[in-house]
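Commentary on secondary and tertiary structure
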Amino acid sequence: MTSPEPAPTPAGPMPQVTPVLSGPDGGLAALAVAALLITGGLMGSLNLLVEGVLREGAGRWAYGATMLLLLSLGVSIAVRGRISPRHTFVLVLVGDLVYLVVVLCIHDPLRYATPLMLLFPALIAAWFLELRQLWVHMLVTAAVCLMALWPSYDNAIGLGVQVGVSAGMLNAAALGVFLLRRRVQRLLVATENLTRLDPLTGLFNRRYLVEQAPRLWRQARREGTRVCAMVLDLDHFKRLNDQFGHGAGDQLLTAVARSLAATVRPADVLARTGGEELVVVGSVSDAAEGRRLAERLRAAVAAARTPDGYGVTASVGLAVARPVDGEDPVAALWRLVDLADAAMYEAKRRGRNRVATAAAPRARSPRPEETPA
């Protein structure tokens, strides 16, 4: 027995983990940035209470205004509850420049304003910025360290060593955190995808079909089209399993999935809902278009072959409905799938390897396992 074919690429929009600043955790990310700004402002403000740290006159006032700016920015972001990637990049560069202001406002930069202060913008850059922006920040960090330490060193070699150590450590820490973050994001993407994919065929599963219902209904209402559901059940599949073994059945399911994935349209959702039953949901202009699509899917199943030459046909049930404002997309989806399922059994009664179209929808509530988690 040859090994099963590779799983097909899922049909339909593949789920992705959204960026930290724009995804569902964007509010939490904004609060994290705000907390860092407020913490930096409060810690820096302590120098206003210590004698001999700040230059008197304009230096003290400029330092106080800088700390007030950090606190104001932090409070503003916390109140808004969101922050864009571009604004975060600007804030990181502002944080680098704040360090220069601090150096100019104090008597002894080596004692009271070490480059460790740049750890705040470095952490924000590492966790929230993209790679190109991070490289810009790392170059700015090196330049800021050079300008800040320049007045404190008479020897160029000593200055170069200190700048290399300070900027090198900060940038190495930022790059390390960035790589860790990217690794975590890739693991999240893989985990999210695994929860939505059928392990045998690589097609989407029932859970993903449920998650896509609101999108499909919104798209149909926006474009004035209809939603169609097609239920495909492989004919005499159990007989093939019994005669040739489950390995042959698994190969055939994978071959059928590959053929269907190459046939459905990019916006359609193709899912394996259990056993030898597959569901395709998409939008069509009318029932005739849905019928043509169902016929293409039926032909795609009939054309699928395993490496050993096994093939199968499918009975296809089709149901088409126009979305109604205010209805629950998930409940409406399963009503439509129920109708297509009933039509599929009608196709089997008529001799199999054919398409049958359902009558008008009827109402029913979704089963517990058909509702989103």
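Quick look at the structure, then.

1. Brief notes about the pairing of strand β4 (residues 314–321)
- Buried residues dominate β4, accounting for eight of its eight residues.
- Going residue by residue along β4, you find A314, V316, L318 and V320 tucked away on one face and S315, G317, A319 and A321 tucked away on the opposite face as well.
- The pairing of β4 with strand β5 (residues 355–357) spans three bridges and is classified as parallel. Following the sheet pairing, V316 is matched in β5 by V355.
- On the question of chirality, the crossover connecting β4 to the parallel β5 by way of helix α12 (residues 329–349) is left-handed.

2. A few points about the sheet that holds strand β2 (residues 269–274)
- The five strands lie next to each other as β2-β3-β1-β4-β5, forming an open sheet whose pairing is mixed. Only two strands of the sheet have a single neighbouring strand rather than two, namely β2 and β5. Neighbouring strand axes in the sheet, compared pairwise and without regard to direction, differ in orientation by 20° on average.
- Pairing of strand β1 (residues 226–234) with strand β3 (residues 277–284) involves eight bridges; the strand directions are antiparallel. Of the residues in β3, the one forming a bridge with A229 is V281.
- Along the sheet face, α12 touches β1, β3, β4 and β5 and points at about 140° away from the line of β4.

3. Here's the deal with helix α8 (residues 206–223)
- Given a rise of 1.5 Å per residue, 18 residues ought to cover 26 Å, and the 25 Å separating the end C-alpha atoms of α8 matches this to within 8%.
- The sharpest bend along α8 measures roughly 40° and falls at Q212, with the proline P214 sitting one to four residues further on.
- Taken together, the buried positions of α8 are Y208, L209, V210, Q212, A213, L216, W217, Q219 and A220.
- Tucked into the core, α8 has its buried residues touching β1, β2, β3 and α12.

4. Quick notes on helix α2 (residues 58–80)
- Its 23 residues place the ends of α2 32 Å apart at the C-alpha level, agreeing with the 33 Å of an ideal helix rising 1.5 Å per residue.
- For α2, the full list of buried residues reads G59, Y63, T66, M67, L70, G74 and I77.
- A positive backbone phi angle near 75° is found at G81, which sits one or two residues after α2.

5. Points about unusual backbone geometry
- One non-glycine residue, R352, adopts positive backbone phi at about 70°.
- Note that R352 resides in the loop between α12 and β5.
- A relative accessible area of 31% places R352 in the partly exposed class.
- For N353, which is not glycine, the phi dihedral falls at a positive 50°.
- By the secondary structure assignment, N353 is in the loop between α12 and β5.
- Judged by its relative accessible area of 30%, N353 falls in the partly exposed class.

6. Regarding the pairing of β3
- Where burial is concerned, most of β3 is hidden: eight out of the eight residues are buried.
- Where burial is concerned, the two faces of β3 agree: the one with E277, V279, V281 and S283 and the one with L278, V280, G282 and V284 are both buried.
- Where β2 lies against β3, five bridges are found, and the strand directions are antiparallel. For A271, the partnering residue across the bridge sits in β3 and is V279.
- Between β2 and the antiparallel strand that follows it, β3, lie two residues; G275 among them carries a positive phi value of about 55°.

7. Some points on the environment of S152
- In this structure, S152 sits in the loop between α6 (131–149) and α7 (156–194).
- Using a relative accessible area of 28% as the deciding quantity, one classes S152 as partly exposed.
- On a C-alpha basis, the gap between S152 and D108 in space is 8.6 Å, while along the polypeptide they are 44 residues apart.
- Setting aside chain neighbours within four positions, we find S152 in contact with P109 and L110.

8. With respect to the packing of helix α10 (residues 246–261) against helix α11 (residues 287–303)
- Running from N to C, α10 and α11 point in directions that differ by 140°, and their axes come no closer than 8 Å. If you check the angle between α10 and α11, you find them oblique. Judged by the sense of rotation from one axis to the other, the crossing of α10 with α11 is right-handed. Contacts between α10 and α11 pair V256, S259 and L260 from the former with L297, A300 and V301 from the latter.

Reading guide: rules and limits
Counting restarts for each chain, with residues numbered from 1 along the sequence as it is written. Note on the predicted model: pLDDT of at least 70 is required for a residue's local features to be given, and 80 or more for side-chain atom pairs to be given and counted; whole-chain, interface and lining totals, by contrast, use all residues. Working from all heavy atoms in the structure, the side-chain values ignore hydrogens and water. Buried residues are those whose accessible area, probed at 1.4 Å on protein chains only, stays under 20% of the maximum for their type, while exposed residues exceed 50% and partly exposed ones sit between those limits. The helix count covers DSSP runs of H or I at least four residues long, the strand count covers runs of E at least two residues long, and both are numbered beginning at the N terminus. The rule for pairing is simple: two strands pair if DSSP sees at least two bridges between them. With the strands pointing away from the viewer, any crossover whose connection runs clockwise from the first strand over the helix to the second is right-handed. Comment: axis = line fitted to C-alpha atoms, over the contacting stretch for helices; angle = value between 0 and 180 degrees taken between N-to-C directions. Note on contacts: a residue pair is in contact if any heavy atoms of the two residues lie within 4.5 Å. Take the number of residues in a helix, subtract one, and multiply by 1.5 Å to get its expected span. Given a residue, its bend is the angle between the two axes fitted to the seven residues that end at it and to the seven that start from it. Put simply, angles under 35 degrees are roughly parallel, angles over 145 are roughly antiparallel, angles from 65 to 115 are roughly perpendicular, and the rest are oblique. Here a crossing is taken to be left-handed if its near helix is turned anticlockwise relative to the far helix by less than a right angle, and right-handed if that turn runs clockwise.

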